[in-house]
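Remarks on the overall topology
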Amino acid sequence: MMPERYLFEYAVIRVMPRVEREEFINAGVILYCPGKKFLKTLISLNEARLAALCPATDIDEVKEYLAAFHTVSEGGKQGGTIGALPIASRFRWLTAIRSSIVQASRVHPGMCCEPDEEVQKLFDQLVR
């Protein structure tokens, strides 16, 4: 018997220190799987790459933005007003197009059996 497969959507979290130049580094992945009521963000900032891309970047500030992204993804009171929203709404809010230093790529679909394994696989492929 084949394991059940679930539709998921994911986006790559990018750090774009100078938005006008459209140069970025991948710093994380967010995956949403409605069938499993799953939303998870994995983040890893390569500070050396970021400094090479834009030496004037305030790395501590970027870390704060990434931490907020993660906190909203987890939901709950610590995520503020957005963190209190349902999973689907939090995912849409986090992946909305914005012109800030931390952005999400376009949303991509896929199918998986285990979303926790899939988010780790995508993170290893696209960020590490």
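Keep in mind that this is a model prediction, so the values were computed, not measured.

Looking at the nonpolar core
By size, the foremost hydrophobic cluster in this structure holds 20 residues, and its most contacted members are Val15, Ile30, Leu45, Leu50, Val62 and Leu66. Among the elements that take part in this core, helix H2 (residues 59-74) stands out by supplying five residues, more than any other. For valine 62, the contacting residues outside a window of four places in its chain are Val15, Leu45, Leu50, Thr57 and Ile101.

Overview of the packing of aromatic side chains
Counted under the stated rule, the structure contains two aromatic pairs. Here the basic side chain of arginine 98 rests over the ring of tryptophan 93, its NZ or CZ set 5.0 Å away from the ring centre.

Details of unusual backbone geometry
Positive phi, close to 60°, is recorded for glutamate 22, a residue that is not glycine. Relative to the helices and strands, glutamate 22 is located in the loop between strand E1 (6-15) and strand E2 (25-33). Exposure remark for glutamate 22: the relative accessible area of 60% places this residue in the exposed category.

Thoughts on the environment of serine 105
Relative to the assigned elements, serine 105 resides in the loop between strand E4 (102-104) and strand E5 (108-112). Excluding residues within four positions of it along the chain, serine 105 makes contact with Ala11, Val12 and Arg14.

So, the environment of threonine 71
With respect to the element layout, threonine 71 can be found in helix H2. Under the relative-accessibility criterion, threonine 71 is labelled partly exposed at 23%. When the C-alpha positions of threonine 71 and threonine 41 are compared, they lie 8.9 Å apart, and in sequence the two are 30 residues distant. Contacts of threonine 71, omitting those with residues within four sequence positions, involve Gln78 and Gly79.

Some remarks on the pairing of E2
A large share of E2 lies buried, amounting to eight of its nine residues. Where E1 lies against E2, seven bridges are found, and the strand directions are antiparallel. Residue valine 15 lies in a different strand from E2, and its bridge partner there is isoleucine 25. Pairing of E2 with strand E3 (residues 38-43), which is carried by six bridges, proceeds in the antiparallel orientation. Paired with leucine 31 across the bridge in E3 is lysine 40.

A short note on the state of the cysteines
Under the criterion given, the structure shown has zero disulfides. Of all cysteine sulfurs, the one in cysteine 112 lies closest to cysteine 113, which takes part in no disulfide; the gap is 6.9 Å.

Here's the deal with a negative patch on the surface
Negative charge collects at one region of the surface, where Asp58, Asp60, Glu61 and Glu64 lie side by side. By secondary structure assignment, the location of glutamate 61 is in helix H2. Given the relative accessible area of 34%, glutamate 61 is considered partly exposed.

Focus: helix H5 (residues 115-126)
Relative to the 16 Å expected for 12 residues at 1.5 Å per residue, H5 spans 16 Å between its end C-alpha atoms, a close match to the ideal helical length. Listed as buried for H5 are Pro115, Glu118, Val119, Leu122 and Phe123. One side of H5 carries all its buried residues, which in axial view fall inside an arc of 135°. Seen from the open side of H5, the exposed residues pointing more than 90 degrees away from its buried face are Glu117 and Gln125. Those residues of H5 that are buried are in contact with E1, E2, E3 and E5.

The rules behind the values
- Residues numbered from 1 in each chain as written.
- Predicted model: local features only at pLDDT ≥ 70, side-chain atom pairs only at ≥ 80, totals over all residues.
- Heavy atoms only, no water.
- Core = buried A, V, L, I, M, F, W, Y, C linked by side-chain atoms within 4.5 Å.
- Buried < 20%, exposed > 50% of the residue type's maximum accessible area, 1.4 Å probe, protein only.
- Helix = DSSP H or I, 4+ residues; strand = E, 2+ residues; numbered from the N terminus.
- Contact = heavy atoms within 4.5 Å.
- Phe/Tyr/Trp six-rings, centres within 6.5 Å; stacked < 30°, edge-to-face > 60°.
- Lys NZ or Arg CZ within 6 Å of the ring centre and 35° of its normal.
- Pairing = 2+ DSSP bridges.
- Disulfide = S-S within 2.5 Å.
- Patch = residues over 30% accessible without salt bridge, like charges linked within 9 Å, V, L, I, M, F, W, Y side chains within 5 Å.
- Areas by Shrake-Rupley, 256 points an atom, 1.4 Å probe, with all protein chains shown as cover.
- Salt bridge = Lys/Arg side-chain N within 4 Å of Asp/Glu carboxyl O.
- Lys, Arg positive; Asp, Glu negative; His and termini not counted.
- Charge placed at Lys NZ, Arg CZ, Asp CG, Glu CD.
- Expected span 1.5 Å × (residues − 1).
- Arc of directions from axis to C-beta.

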